[in-house]
Amino acid sequence: RILIIDFGSQYTQLIARRIREAGVYSEIHPWDMDEAAIRGFAPTGIILSGGPESVHESDPPGVPQCVFELGVPVLGICYGMQTMAAQLGGRVEGSDHREFGYAQVRAHGHTPLLTHIEDHTTPEGFGMLDVWMSHGDRVTQMPEGFKLMASTESAPIAGMADEVRGFYGVQFHPEVTHTTQGQRILSRFVHDICGCENLWTAGNIIDDMTARVREQVGDDHVVLGLSGGVDSSVVGALLHKAIGDQLTCVFVDTGLLRHQEGDQVMATFARHMGVRVIRVDAEDRFLSALEGEADPEEKRRIIGRLFVEVFDEEASKLTNARWLAQGTIYPDVIESAGSKTGKAHVIKSHHNVGGLPETMKLGLVEPLRELFKDEVRRIGVELGLPTEMVYRHPFPGPGLGVRILGQVKKEYADLLRRADHIFIEELRAAGLYDQVSQAFAVFLPVKSVGVMGDGRRYDYVVALRAVETIDFMTARWAHLPYEFLDKVSRRIINEIKGISRVTYDISGKPPATIEWE
Ligand code: XMP
């Protein structure tokens, strides 16, 4: 087990993630963790994270001295290396130019951390690494016993090692993917240097999470808002495994979901897995609350408020529920709080349950709050959820409510659902679904003239949207093949009475957004 000591770096969770990828168990604790707790944790190795501070501040954060006295290997990353240097008698200085971003590091000598790990070699035979740097201060003098391990032009001491004591420091960030060999370096540290075995698999992670949930909730009952999305589905499957009948899920059918989505959720959870799911058919309520409203933000507010209302009503009927489970994942935590060490406590407000009546006093169960999306997906597959559900494109909380431009009507939602289904079905059939990040149809409440057989049509328009993106902050429109678009367009117009024209959205983000509203 690896102890990760957090100095507040935005990358600390990435370190934990890389250690998991190396198949090793780790825990993140704040830098002011007390000595007894560190000894009690009995780490096989310790990693000191980066952080925003400088060792030159009046009272800089540091690690308890015992970290260096336990006789286990220690790896300091960025600020972690600087505090290691400063605490062990070396020197750290401010530098006039900050190094930020891509850099090339020259590896020196043959320490077990970097031997034969390199991206390329210089003509003189030195190993070079492509790395990600982000620092202002730098180590200018190594503590006694350390040898130079790596250097860059602006950081002559970019890596240092004391092999006798097993202390290593790197100024660059091996945990980010821009450091091409980062995973190998961290894996080298935990396996070869600390001697950890590759035992921490998806199966073990699930066992650990189920044990923790059981410990947290005991014999109490838990309520979960199941949306059909990946995160809440994985939490549902996980809690069902952990506590079985102590879990009750509430699934709110807003009438703004995708084709057969409600039936699929019920089939998977209630019928197939035997999870207790209350399905609330709230279509009429949502549609009447939305009646006459055309403003996108106002529509979002109405849907969000009503969702909470309906969920609360159902949850309050469960007199014995003491806990509320949520599918919060790590990116939600950073987005909402910029939290360090998971100390901040956040409830997703935009599309999960926003707020429950004060009187309910439910505690929160958030088993996924340290995981990244792709890890959540792997766990979902391991738990036996259908792959199509786990690898589904994201779907906004307000659902079709923001894909029907302007006023929302049942007639529009029904037409849109069918068009969207044809598009998605064809994407899957053509093997294109997994190549795009998100694809959907949008309903345009304008009528356009068409001709079919001998008849004139005067019907609605749908737009198809498909984008490729890594983080959904920027996106490029997917260059889908013309033949494919042609087929989808023909099917939609021929099969759906009420739609006479199909267009394809060729706007990138920015300046457009992914959704139309
Ligand atoms: P935009 O349209 O802002 O979308 O480029 C970026 C990503 O966020 C999703 N999205 C939402 N998700 N509630 C949500 O839960 C919303 O109100 C919402 N609006 C957009 C969108 O589907 C895309 O993946």
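Residues numbered from 1 in each chain as written. Predicted model: local features only at pLDDT ≥ 70, side-chain atom pairs only at ≥ 80, totals over all residues. Heavy atoms only, no water.

(A) The side chain of K299, seen in detail. By the secondary structure assignment, K299 is in helix α9 (residues 296–317). A polar side-chain atom of K299 sits 3.0 Å from the main-chain carbonyl oxygen of G401. From its side chain, K299 meets the backbone oxygen of G406 in a polar contact 2.6 Å long. Once residues within four sequence positions are removed from consideration, K299 is found in contact with L290, E293, A294, G401, I404, L405, G406, V408 and E517. (Helix = DSSP H or I, 4+ residues; strand = E, 2+ residues; numbered from the N terminus. Polar contact = N/O pair within 3.5 Å; in protein donor to acceptor, adjacent residues only side chain to side chain. Contact = heavy atoms within 4.5 Å.)

(B) Structural detail: the pairing of strand β1 (residues 2–6). Within β1, five of the five residues are buried, which leaves it mostly tucked inside the rest of the structure. By the bridge criterion, five bridges tie β1 to strand β2 (residues 26–30) in an arrangement that is parallel. Considered in β2, the bridge of L3 is made with E27. Note on the crossover from β1 through helix α1 (residues 12–21) to β2: the handedness is right-handed. (Buried < 20%, exposed > 50% of the residue type's maximum accessible area, 1.4 Å probe, protein only. Pairing = 2+ DSSP bridges. Right-handed = clockwise from strand over helix to strand, strands pointing away.)

(C) The pattern of salt bridges, seen in detail. Using the criterion set out here, one finds 36 salt bridges in the structure. In this structure, E517 engages K299 in a salt bridge whose closest nitrogen and oxygen atoms are separated by 2.8 Å. Of this pair, E517 sits in the segment after β21 (499–504) while K299 is found in helix α9, placing the two residues 218 residues apart along the sequence. The burial state of E517 is the same as that of K299; both residues are buried. Notably, a salt bridge pairs D459 with R457, separated by 3.2 Å at the nearest N-O pair. Of the residues examined, D459 reaches a relative accessible area of 15% and is grouped as buried. One salt-bridge network, in which partners are shared between bridges, spans E425, E426, K487, R491 and E495. (Salt bridge = Lys/Arg side-chain N within 4 Å of Asp/Glu carboxyl O.)

(D) View of the nonpolar core. Grouped together as the largest cluster of nonpolar side chains are 95 residues, with contacts concentrated most on L480 and I492. It is helix α13 (residues 410–429) that provides the largest number of residues to this core, a total of nine residues. (Core = buried A, V, L, I, M, F, W, Y, C linked by side-chain atoms within 4.5 Å.)

(E) Representation of the packing of aromatic side chains within the structure. Enumeration according to the criterion identifies eleven aromatic pairs in this entry. Plain terms: the ring middles of Y168 and F189 are 6.4 Å apart, the flat faces sit at 75° to each other, and that makes the pair edge-to-face. Highlighted residues: Y168 in strand β12 (residues 167–170) and F189 in helix α4 (residues 182–193), separated in sequence by 21 residues. Residue Y168 is classed as buried on the basis of its relative accessible area of 2%. Above the ring of F126, the side-chain terminus of R106 is found at 3.4 Å from the ring centroid. (Phe/Tyr/Trp six-rings, centres within 6.5 Å; stacked < 30°, edge-to-face > 60°. Lys NZ or Arg CZ within 6 Å of the ring centre and 35° of its normal.)

(F) Highlighting unusual backbone geometry. Geometrically, the link from K509 to P510 is a cis peptide bond, its omega value of -15° lying close to zero. Structurally, P510 can be placed in the segment after β21. A cis amide bond, omega 5°, links P510 with the succeeding residue P511. The topology assignment puts P511 in the segment after β21. The phi angle at A42 is positive, at roughly 50°, despite the residue not being glycine. Its place among the elements puts A42 in the loop between α2 (35–41) and β3 (45–48).

(G) Local environment of the sheet that holds β2. Ordered by their spatial adjacency, ten strands build an open sheet running β2-β1-β3-β4-β12-β11-β10-β6-β8-β7, and the pairing between neighbours is mixed. What marks the edges here is a single partner per strand, and that holds for β2 and β7 (120–121). Note: β1 against β3, four bridges, orientation parallel. Its bridge partner lying in β3, I5 is registered against L48.

(H) The arrangement of the site of the ligand in detail. Around the ligand sit twelve residues, and of these R300, Q438, K509, I514 and E515 come closest. A distance of 3.0 Å separates an oxygen atom of the ligand from a polar atom in the backbone of G397. At a separation of 2.6 Å, an oxygen atom of the ligand approaches a polar side-chain atom of K509. Across the complex, the protein chains shield 79% of the 490 Å² of accessible surface that the ligand would expose by itself. (Near = heavy atom within 4 Å. Areas by Shrake-Rupley, 256 points an atom, 1.4 Å probe, with all protein chains shown as cover.)

Geometric descriptors of this kind do not, in isolation, establish any biological role.
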